[in-house]
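Residues per chain are reported as follows:
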Amino acid sequence: EQPQRAVELLEQGQGTLLAQLAQYRTALADLQAVDPGMAAKFTELSAQLEQSFIQNHVDGMEVSLERGVSRADAVGRHQNLSMRWKDIVNRIRQLSGFATFLQPTPFHLLAHAADEGHVIVINVSKIRSDAIIFQKGVEPDIVKLPDATPEGVKHMSSLMEGALSVPGSSGFEEGIKLVLRLLWESIVQPIVKRLEQRGLPRRSRIRWCPTSALCPLPLHAAGIYEPDELSLPDIYISSYTRTLSTFIRARNRAPHSALRPSILAIGVPEPGGDDGTDAPLEFFSEELDRLLKHVPGTELLDGFAASHDAVLERLPTRPWVHIACHRHQDIKRPFQSHFCLQDKPLTLQQVIPCHTATGDRNTPDEGLHLAVAMQFAGFRSVVGTLWAMDDADGPGVVDSFDKFLFRKKKDRKTGDYKEAARGVSRFTKMLRSRQDVREVPFERWVNFIHVGA
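Just so it is clear, the model here is predicted, and its values are computed rather than measured.

Chemist: Any details on the overall build of the protein? Residues and values, ideally.
Modeler: On a plain count of helices and strands, the protein comes out with 17 helices and 15 strands. Taking all 453 residues of the protein together, 53% fall into the buried category. A separation of at least 24 residues holds for 73% of the contacts in the protein among residues at least 6 apart in sequence. As presented, the protein carries roughly 21,000 Å² of accessible surface, and 51% of it is formed by carbon and sulfur atoms.

Chemist: Give a description of the nonpolar core that names residues and reports values.
Modeler: One broad trend across soluble globular proteins is that nonpolar side chains are buried collectively. By size, the foremost hydrophobic cluster in this structure holds 100 residues, and its most contacted members are Ile122, Ile187, Ile191 and Trp208. Looking at which element gives the most residues to this core, the answer is helix α9 (residues 170-197), with 11 residues. Ile187 has contacts with Ile122, Leu145, Ala148, Leu182, Leu214 and Leu219, leaving out every residue within four places of it along the chain. Within the second largest apolar cluster, 14 residues are counted, among which are Met38, Ile88, Phe98 and Phe101.

Chemist: Now, about empty space enclosed by the protein: what can you tell me, with residues and values included?
Modeler: In the structure shown here, the tally under the stated rule is 1 cavity of 30 Å³ or more. Considered as a void within the structure, the largest cavity measures approximately 40 Å³ in volume. What lines the largest cavity is Cys215, Pro216, Leu217, Tyr240, Arg242, Leu386, Ile449 and Val451. Looking at side-chain class alone, the lining of the largest cavity contains 7 nonpolar, no polar and 1 charged residues.

Chemist: Explain the packing of aromatic side chains to me, using residue names and the numbers behind them.
Modeler: Going through the model one piece at a time under the given rule, you end up with 6 aromatic pairs. Geometrically, the ring pair formed by Phe427 and Phe448 is edge-to-face, given 5.1 Å between the ring centres and 80 degrees between the ring planes. In this pair, Phe427 is assigned in helix α17 (residues 420-433) and Phe448 in strand β15 (residues 448-452), connecting sequence segments 21 residues apart. With respect to burial, Phe427 and Phe448 carry one shared label: buried. Here Phe442 and Trp445 contribute two aromatic rings whose centre-to-centre distance is 5.8 Å and whose plane-to-plane angle is 40 degrees, an arrangement assigned as tilted. Comparing Phe442 with Trp445, the two get one shared label, buried. Above the face of the Trp445 ring, Arg432 is positioned so that its terminal group lies 5.2 Å from the ring centre.

Chemist: Please set out helix α8 (residues 150-164) residue by residue, giving values where relevant.
Modeler: Since the α-helix turns once every 3.6 residues, residues separated by three or four places project in the same direction. Taking 1.5 Å per residue, 15 residues should reach 21 Å; α8 reaches 21 Å between its end C-alpha atoms and fits that length. The complete set of buried residues in α8 reads Val153, Met156, Met160 and Ala163. Each buried residue of α8 lies within a common arc of 85 degrees when the element is viewed along its axis, so the set occupies one face. Set apart from the buried face of α8 by more than 90 degrees, the exposed residues are Glu151, Lys154 and Glu161.

Chemist: How would you sum up unusual backbone geometry? Please name residues and give values.
Modeler: One non-glycine residue, Arg203, lies in the positive phi region at around 70 degrees. Tracing the sequence through the fold places Arg203 in the loop between α9 and β4 (205-209). You will see that Asp228, though not glycine, has its phi angle at about 70 degrees, which is positive. For Asp228, the position within the fold is in the loop between β4 and α10 (232-235). The class for Asp228 is exposed, based on a relative accessible area of 84%.

Chemist: So what about the pairing of strand β3 (residues 138-144)? Which residues, and what values?
Modeler: One face of the sheet, then the other: side chains in a regular strand alternate in exactly this way. Judged from the 5 bridges that link them, strand β2 (residues 130-135) and β3 form a sheet pairing that is antiparallel. What sits directly across from Ile133, in β3, is Asp141.

Chemist: Provide a residue-level description of the state of the cysteines, including the pertinent values.
Modeler: Enumeration according to the criterion identifies 0 disulfides in this entry. Free of any disulfide, Cys215 has its nearest cysteine sulfur in Cys209, 7.8 Å distant. Distance from the sulfur of Cys340, which forms no disulfide, to the nearest cysteine sulfur (Cys325) is 6.2 Å. Overall, the relative accessible area of 1% leaves Cys340 in the buried class.

Chemist: Explain the sheet that holds strand β10 (residues 338-339) residue by residue, including any values.
Modeler: Spatially, β9-β10-β11 is the arrangement adopted by the 3 strands of the open sheet, whose pairing is antiparallel. Both outer strands of the open sheet, β9 (327-328) and β11 (346-347), are each paired with one neighbouring strand and no more. Judged from the 2 bridges that link them, β9 and β10 form a sheet pairing that is antiparallel. Counted as the bridge partner of Arg327 is Phe339 from β10.

Chemist: Explain the pairing of β2 to me, using residue names and the numbers behind them.
Modeler: Among the 6 residues in β2, 5 count as buried, and that is most of the element. Pairing analysis gives 5 bridges linking strand β1 (residues 118-123) to β2, with the strands arranged antiparallel. Residue pairing for β2: Val119 is matched across the bridge by Phe134. Counting the residues in the hairpin turn of β1 and β2 gives 6 residues.

Chemist: Mind laying out the side chain of Arg205, listing which residues take part and the relevant values?
Modeler: Tracing the backbone shows Arg205 in strand β4. One buried charged residue, Arg205, forms no salt bridge at all, with the nearest opposite charge on Glu116 at 6.2 Å. If we skip the residues at most four places from it in the chain, Arg205 touches His118, Ile237, Ser239, Lys418, Ala421, Arg422, His450, Gly452 and Ala453.

Chemist: So what's going on with the sheet that holds strand β6 (residues 263-267)? Which residues, and what values?
Modeler: Pairing in this open sheet of 3 strands is parallel, and the strands run β7-β6-β8 from one edge to the other. The sheet is open, and its two borders are formed by β7 (299-302) and β8 (320-324), each paired with just one other strand. Pairwise comparison of adjacent strand axes, ignoring direction, gives a mean angle of 15 degrees for this sheet. Two elements, β6 and β7, share 4 bridges in a ladder whose sense is parallel. Following the sheet pairing, Leu264 is matched in β7 by Glu299.

Chemist: Tell me about the environment of Leu95, and name the residues and values.
Modeler: Looking at the secondary structure, you find Leu95 in the loop between α6 (71-92) and α7 (107-110). Each C-alpha atom, one on Leu95 and one on Asp35, is 9.0 Å from the other, the two residues being 60 residues apart in sequence. When near neighbours in sequence (up to four residues on either side) are disregarded, Leu95 contacts Leu31 and Asp35.

Calculation criteria
- Residues numbered from 1 in each chain as written.
- Predicted model: local features only at pLDDT ≥ 70, side-chain atom pairs only at ≥ 80, totals over all residues.
- Heavy atoms only, no water.
- Helix = DSSP H or I, 4+ residues; strand = E, 2+ residues; numbered from the N terminus.
- Buried < 20%, exposed > 50% of the residue type's maximum accessible area, 1.4 Å probe, protein only.
- Contact = heavy atoms within 4.5 Å.
- Areas by Shrake-Rupley, 256 points an atom, 1.4 Å probe, with all protein chains shown as cover.
- Core = buried A, V, L, I, M, F, W, Y, C linked by side-chain atoms within 4.5 Å.
- 1 Å grid on protein atoms, 1.4 Å probe; cavity = no way out; pocket = protein on both sides within 12 Å on 5 of 7 lines; lining within 4 Å.
- Points joined across faces, edges and corners; volume = space filled by probe spheres on them.
- Nonpolar A, V, L, I, M, F, W, Y, C, P; charged D, E, K, R; others polar.
- Phe/Tyr/Trp six-rings, centres within 6.5 Å; stacked < 30°, edge-to-face > 60°.
- Lys NZ or Arg CZ within 6 Å of the ring centre and 35° of its normal.
- Expected span 1.5 Å × (residues − 1).
- Arc of directions from axis to C-beta.
- Pairing = 2+ DSSP bridges.
- Disulfide = S-S within 2.5 Å.
- Lys, Arg positive; Asp, Glu negative; His and termini not counted.
- Salt bridge = Lys/Arg side-chain N within 4 Å of Asp/Glu carboxyl O.
- Axes fitted to C-alpha atoms, helices over the stretch in contact; angles between N-to-C directions.

Written out as structure tokens, the structure reads:
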């Protein structure tokens, strides 16, 4: 019954792939001021180790083998770099003021994730399952979840996988409704009851920080979708983060005032290369036309202009990006998950370093869903989908979401990233309202998620 310590341990245990990358990108401003030589050496070793890590995880060591480097040599080189990196970290910790350099983040710092609202960390294990709710200035609150078990989560994941194998069918509809009911009954409903007891008004924002096998499941849409029954989207507005540190970093990157819109719009109706077999996006032109109407001054890269090199060059230059293209999620080779561009794919391996901004990098990892990885890459607020969206919904997303996000205030257009979650809620509510006439299946709205600040 030590919720603060539990949050620290869960945060530390969340790290997998991106945690290691983030660890190598730690802020060096203070260190450079104290010992520029040590900072330069740390930077050099971090870059080498990061590159070694990415290469060895792109294709299960196959890339190294293709380059004529044996498996043993690649592993040995990585281990040698790791030892040298750990040695210099230990030397840095000997400097005055750097004793906790790259150490696990204490709760008093993680608690800042709740500065602007309730955060809910969930852990499901064989021993016990709990949610930990915390908010600014209030002691963490533990909600026991006796009906949440690893077996139950595995069952829900299997149901999701089965449903996604038959999109557009009655089997998908029934499968996703069952998952949403099970999530509500075993996890979300007890948490909602506690939030209501704490006096949290309806339509408030909440931030979910799930762990392990819970991460791919649609907590944000949990509920019983029957007449006279409420569901989570009716009660609160959900966002996700896979770690608290990542959320804090994303939120702190931007000023509190609204930003003038400066959007890069990328549209690829028919990708080239190996992705050329994907069906064309019939509504992409209408989608981008509406974006240009709502946000004048948007920079457009579409068709042949949306080449790999052009997009990679322009991504770091704009704070807002709207991407209308196919994407492929690669679970086995996560750094090869990619956006399908005109000539060749833009992979996460390329996106992550291209848009990461300067600043604190003491950030553990999160799972490599594309939206999550884009947040890690430096975008403070990301709207994505759990699976491919219906192409016909693209124009509606722009009309409902982008028009809302960049609406006029005091005779000028503004774009407030903190309104993104409400924009998603607004759009999905509009889609759900059409279900009354049975026009919109669950798969067209449940998949929309918001990640970040």
